[in-house]
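Remarks on the overall topology
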Amino acid sequence: MSEAQPAKLPDNIFDGPWTRNPKIVDLNDLDSFVHGVPHDALDAIRAQYPMYWNEEKRDWGPGFWNLTRYEDIVEVSRNTGTFSSDAGINISFPPDVEPAVINAVIGNMITMDPPEHRTYRNIAKPFFSTRSVTSLEARVRELARGIVADAVKKVRDTGSCDVMTDIAAPLPISVLCDILGVPHEDWKKIFDWSNELIGIFDPDLCPDPEGATATFMELFTYGQHLVAERRKSPRDDLMTAIAVAKTEDGEGIPEHLLNGFFLLMVVAGNETTRNSITGGLHALIENPSQRDRLVQHPTILPTAVEEILRWVSPVSHMRRTALCDSTIGGHPVAEGDKVVMWYGAGNRDPSVFDRPRTFDVTRDPNPHLAFGIGEHFCLGSRLARLQLKVIFEELLRVVPTFDFSLTGDVRYVRTNFINGIKAMPATFTPVR
Ligand code: HEM
């Protein structure tokens, strides 16, 4: 896209000279991700440039460092005093984005540093405790059974289904809407908004990028409406907890942080779990010997789920910003430098994982970083693990041979932020 074109959310491709190290791949060119995460390039980067500099398009930012080694990702994630989330966890923002959108995108717990971060995390924490999540199992199973039954019907009626649309996507959004307290009639609306926002640079998911600001605003207005309702009549749901929460100075949460909270929940809890289900099924289709092991020994499902999380690494990256001159793995970084951690690359680091490019459903130990590590370790990790366990149990119950096979091309979301599959047509043989 040329600089002269009108302002809208443009592609962020750098086309000038590569200054600090040779170019292996442009990690800010979303087309580098349309066939999935470019693991060969990330492996090459890890082997040659532990701190790989990626240029950024003019007006967007000066460029950013990229971390692909496991230990470096751990070091940066744990050192919140030097590597801050406060300036944002995405690589860059287009210069022309609506301020309310920026405020919400960077106005939530995931983009806060301690001690403020803890205040906001603590508001939501009780809803994701072991006790709360355990109590959700029966409901998650009920939802999963209904979803699998609908997919079976579709396969019987038409011969195939789409794993993303018919199996993976409905569960996380339903569970999330339940926890938030979104009424059932609005679930579809939330689902469509979240799809559009995550696929903002993908013409299939968001045909009108200029309309994306309007979608953000609709989502915020909807969240504010729920908050207002809950302040009038509180219930036992996460929206009520947010609506009535007081910060340390005794004030309610300011409006832009309410927007940010709602946005974070809708995006963080939804796309990630969905892509683990789709990516996990894809990995099992591509590795029939591993699928057979799971079918013959279903008790290994817990290690299979961890391997799916490592393999898919549904969140591709998170960013930090250096607050002072420092080092990472002995390499210097300057105050203000952006540092991007590539979880899928850390999860394939051969110094930590034996045969890292092999999908092994019995891998143990498996200290993957799919949920991050340290201060911002995923708040929803227990809930995500529960959903993965339940949906694969239900699939194994209804498709005991697990003979899933693709009936068309797997297509990836055009984004460098999540490892997302947008279409995965498949068929299978359900029990009679
Ligand atoms: C497989 C599914 C999931 C994956 C791979 C995943 C991944 C991640 C990662 C990598 C982070 C760390 C961010 C950082 O260090 O900057 C994170 C944070 C977070 N996740 Fe998840 N997530 C998943 C599911 C969920 C679910 C189901 C929810 C809630 C419904 C959720 C809510 C959050 C929240 C609120 C944070 C921010 C925590 C904080 O800042 O303290 N996630 N997630």
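Not measured: the values here are computed from a predicted model. (Residues numbered from 1 in each chain as written. Predicted model: local features only at pLDDT ≥ 70, side-chain atom pairs only at ≥ 80, totals over all residues.)

A few words on the overall build of the chain. Helix and strand counts for the chain come out as 17 helices and 12 strands. Against the compact-globule benchmark of 22 Å for 432 residues, the chain has a radius of gyration of 21 Å, which places it among compact chains. Projected onto its principal axes, the C-alpha positions of the chain cover 60 × 55 × 45 Å. Here the analysis covers contacts within the chain between residues at least 6 apart in sequence; of these, 73% occur between residues at least 24 apart. (Helix = DSSP H or I, 4+ residues; strand = E, 2+ residues; numbered from the N terminus. Rg over C-alpha atoms; globule rule 2.2 N^0.38 Å. Contact = placed C-beta atoms within 7 Å.)

Time to look at the environment of G344. Considering the arrangement of structural elements, one finds G344 in helix α16 (residues 343-346). In this structure G344 comes out as buried when scored by C-beta crowding, with 24 C-beta atoms within 10 Å. Apart from the residues lying within four places of it in its own chain, the contact partners of G344 are V37, H39, S313, S316 and N419. (Buried ≥ 20, exposed ≤ 12 C-beta atoms within 10 Å, placed from the backbone.)

On to the site of the ligand, then. Residues in close proximity to the ligand total 27 residues, the closest being G269, T272, G372, C378 and G380. Every element with two or more residues in the shell around the ligand is listed here: α12 (255-268), α13 (271-286) and α17 (381-398). Broken down by class, the residue content of the shell around the ligand amounts to 17 nonpolar, 9 polar and 1 charged. (Near = placed C-beta within 6 Å. Nonpolar A, V, L, I, M, F, W, Y, C, P; charged D, E, K, R; others polar.)

By size, the foremost hydrophobic cluster in this structure holds 116 residues, and its most contacted members are L67, I242 and V339. In terms of residue count, α12 provides more of this core than any other element does, 9 residues in total. Those residues in contact with L67 that lie beyond four places of it in its chain are D72, I73, V76, I328, V339, V340, M341 and W342. (Core = buried A, V, L, I, M, F, W, Y, C linked by C-beta atoms within 7 Å.)

A few words now on the pairing of strand β5 (residues 317-322). Burial analysis of β5 places 5 of its 6 residues in the buried class, the great majority of the element. Both strand β3 (residues 83-84) and β5 contribute to a ladder of 2 bridges, which runs antiparallel. Among the inter-strand pairings, F83 is bridged to a residue of β5, identified as A322. Bridging between β5 and strand β8 (residues 338-342) involves 5 bridges; their strand directions are antiparallel. What sits directly across from R320, in β8, is V339. (Pairing = 2+ DSSP bridges.)

Within a sheet, each strand pairs with its neighbour through backbone hydrogen bonds, oriented either parallel or antiparallel. Strand order in the open sheet made by the 5 strands is β1-β2-β8-β5-β3, with mixed pairing throughout. Looking along the sheet, the strands with just one partner apiece sit at the ends: β1 (51-54) and β3. Relative to strand β2 (residues 64-67), β1 is paired through 4 bridges, and the arrangement is antiparallel. Bridge pairing links Y52 to N66 in β2. With respect to the sheet, helix α2 (residues 70-78) is in contact with β2, β3, β5 and β8, its orientation differing from that of β8 by roughly 125°. (Axes fitted to C-alpha atoms, helices over the stretch in contact; angles between N-to-C directions.)

A word on helix α6 (residues 137-158). The first and last C-alpha atoms of α6 sit 31 Å apart over 22 residues, in line with the 32 Å expected at 1.5 Å per residue. Residues of α6 that are buried: V140, L143, A144, I147, V148, A151 and V152. Check the buried side of α6 and you find it contacts β4 (161-162), α7 (163-168), α8 (170-180) and α17. Immediately beyond the C-terminal end of α6, within one or two residues, lies G159, with a positive phi of roughly 95°. (Expected span 1.5 Å × (residues − 1).)

Taken residue by residue, the chain gives an average pLDDT of 91. The fraction at 70 or more is 96%. The model gives residues 1-10 a pLDDT under 50, and that stretch makes 11 contacts with residues more than four places away or in other chains. (pLDDT = per-residue confidence, 0-100.)

Moving on, we get to the sheet that holds strand β9 (residues 405-406). Reading across from one edge, β4-β12-β9 is the order of the 3 strands in this open sheet, with antiparallel pairing throughout. Looking at the sheet topology across the chains shown, the edges are occupied by β4 and β9. With 2 bridges connecting them, β9 and strand β12 (residues 425-427) associate as antiparallel partners. Considered in β12, the bridge of S405 is made with T427.

For the rest of this paragraph, the subject is the packing of α8 against helix α9 (residues 187-198). Closest axis-to-axis distance for the α8/α9 pair is 10 Å, and the angle between their directions is 120°. If you check the angle between α8 and α9, you find them oblique. Here α8 runs over α9; the crossing is right-handed. Within the contact between the two elements, α8 uses I173, S174 and C177 and α9 uses W187, I190 and F191. Across the contact of α8 with α9, the residue classes tally to 5 nonpolar, 1 polar and no charged. (Parallel < 35°, antiparallel > 145°, perpendicular 65-115°, else oblique. Left-handed = near helix turned anticlockwise from the far one by under 90°.)

Turning our eyes to something else, we now look at the environment of N270. Mapped onto the secondary structure, N270 falls in the loop between α12 and α13. The class for N270 is buried, based on 25 C-beta atoms found within 10 Å. For the pair N270 and P430, spaced 160 residues apart in the sequence, the C-alpha separation amounts to 27 Å. Beyond its immediate stretch of four places on either side in the chain, N270 contacts P172, I173, L176 and S194.

Moving on: helix α1 (residues 39-48). Structural remark: α-helix, 3.6 residues per turn; residues separated by three or four positions point the same way. Among the residues of α1, L42, I45 and R46 are the ones counted as buried. Along the axis of α1, the buried positions cluster into a sector of 100°, meaning they face one direction only. Counted as exposed and oriented over 90 degrees from the buried face of α1: D40, A47 and Q48. Looking at the buried residues of α1, the elements they touch are β1, β2, β8 and α16. (Arc of directions from axis to C-beta.)

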